[in-house]
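If you want the building blocks of each chain, they are given just below.
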Amino acid sequence: MSVLAIRKYGDDVLRLPATPVDAIDESLQKLIDDMIDTMYAAPGVGLAANQVGVAKRLMVIDLSVGKRPGECHVFINPEIIESEGEITEEEGCLSIPDFVEIVTRPERVKLRYTDRNGTTREMWGDGLMARAMCHEIDHLNGTLFVDHLRGFKKDRILKKIAKLSKSGMWF
Ligand code: NI
């Protein structure tokens with residue numbers, strides 16, 4: 001297993017709508033293992049495949065960051081089939097390191113997805129899990145959390161990133 005480079009804001013692959021996974025083969029299993037390693041190394045609670053340069057509909061989430069067994073979830077071709085409520089909390093992204101901002105998300109979402117063994121499953125996520133599910137699915141659609149911001153909050157982050165890029169401290 002290996003830790004992959006995480007693409008940052010400004011990399012075109014983060015803006016590509018990811019295509020469905022059509023085969024759960026050996027190379028996909030390796031990508032899943034590498035993504036989990038990469039998420040833990042970062043450390044982060046979720047990672048989408050396009051964040052490591054692969055525009056496929058695959059994401060991993062582990063709210064315990066590898067600390068509690070059974071909490072690592074692999075979602076292949078995930079889709080939100082139900083959502084309830086609304087909650088506004090701070091959110092960040094491994095592709096936009098060191099920035100957090102308040103984003104409104106559903107309080108609960110139900111995902112339909114395929115697991116790494118090829119079984120179709122459904123799972124409800126609440127609170128932080130719902131937020132992570134929505135955030136990672138956004139990635140698969142080429143959307144980043146800053147796209148949910150407006151006005152001053154958005155400008156502030158984008159200006160700081162532009163400054164860091166200019167001084168060679170972003171990529
Ligand atoms: Ni992210």
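Bear in mind that the values here come from a model prediction, so they are computed numbers and not experimental data. (Residues numbered from 1 in each chain as written. Predicted model: local features only at pLDDT ≥ 70, side-chain atom pairs only at ≥ 80, totals over all residues. Heavy atoms only, no water.)

Participant: Just to check I follow, could you spell out the coordination of the nickel ion for this structure?
Facilitator: Each pair of donors in an ideal four-coordinate tetrahedral metal site encloses 109.5 degrees, whereas pairs in an ideal six-coordinate octahedral site enclose 90 or 180 degrees. The protein atoms that coordinate the nickel ion are Cys93 (SG), His135 (NE2) and His139 (NE2), at distances of 2.0 to 2.3 Å. All donors of the nickel ion belong to a single chain; written as a sequence motif, their spacing is C-x41-H-x3-H. Of this pair, His135 and His139 both sit in helix H2 (residues 128-140), separated by 4 residues, roughly a single helical turn. (Donors = N, O, S within 2.8 Å, 3.2 Å for Na, K, Ca; no water. Helix = DSSP H or I, 4+ residues; strand = E, 2+ residues; numbered from the N terminus.)

Participant: What exactly am I supposed to notice about the environment of Val146 here?
Facilitator: When you line up the elements, Val146 lands in the loop between H2 and helix H3 (151-166). Note on Val146: relative accessible area 1%, which makes it buried. Once the C-alpha coordinates of Val146 and Gly92 are considered, the two residues, 54 residues apart in sequence, prove to be 9.1 Å apart. When sequence neighbours within four positions are dropped, the list of residues in contact with Val146 reads Tyr9, Ile96, Lys154, Ile157 and Leu158. (Buried < 20%, exposed > 50% of the residue type's maximum accessible area, 1.4 Å probe, protein only. Contact = heavy atoms within 4.5 Å.)

Participant: Can you walk me through the sheet that holds strand S6 (residues 108-114) in this structure?
Facilitator: Taken together, 5 strands build an open sheet; the order of strands is S1-S2-S3-S6-S7 and the sheet is antiparallel. Only two strands of the sheet have a single partner each, and these edge strands are strand S1 (46-48) and strand S7 (120-126). Adjacent strand axes in the sheet meet at a mean angle of 40° when their direction is disregarded. Bridge analysis of strand S3 (residues 73-84) against S6 gives 6 bridges, and the strand direction is antiparallel. Residue pairing across strands places Ile80 opposite Leu111, the latter belonging to S6. (Pairing = 2+ DSSP bridges. Axes fitted to C-alpha atoms, helices over the stretch in contact; angles between N-to-C directions.)

Participant: Would you mind showing me how to read H3 here?
Facilitator: The periodicity of an α-helix, 3.6 residues per turn, causes residues three or four positions apart to be oriented the same way. Between its first and last C-alpha, H3 extends 22 Å over 16 residues, near the 22 Å set by a 1.5 Å rise per residue. Just beyond H3, the residue with positive phi is Gly168, at close to 70°. (Expected span 1.5 Å × (residues − 1).)

Participant: Even after reading the chapter, I still don't get the pattern of salt bridges, so can you show me in this structure?
Facilitator: Any two side chains of opposite charge can pair if their charged atoms end up close together. Considering all chains together, one arrives at 16 salt bridges under this definition. A salt bridge links Glu84 to Arg108; its shortest N-O distance comes to 3.1 Å. In this pair, Glu84 sits in strand S3 while Arg108 sits in strand S6, placing the two residues 24 residues apart along the sequence. For Arg131, the salt bridge is made with Glu91, and the minimal N-O distance between the two is 2.7 Å. Placement of the pair is Arg131 in helix H2 and Glu91 in strand S4 (residues 87-92), with a sequence separation of 40 residues. The pair Arg131 / Glu91 is uniform in exposure class, with both members buried. Among the ionic contacts, a cluster of salt bridges with common partners joins Glu82, Lys110, Arg112 and Glu122. (Salt bridge = Lys/Arg side-chain N within 4 Å of Asp/Glu carboxyl O.)

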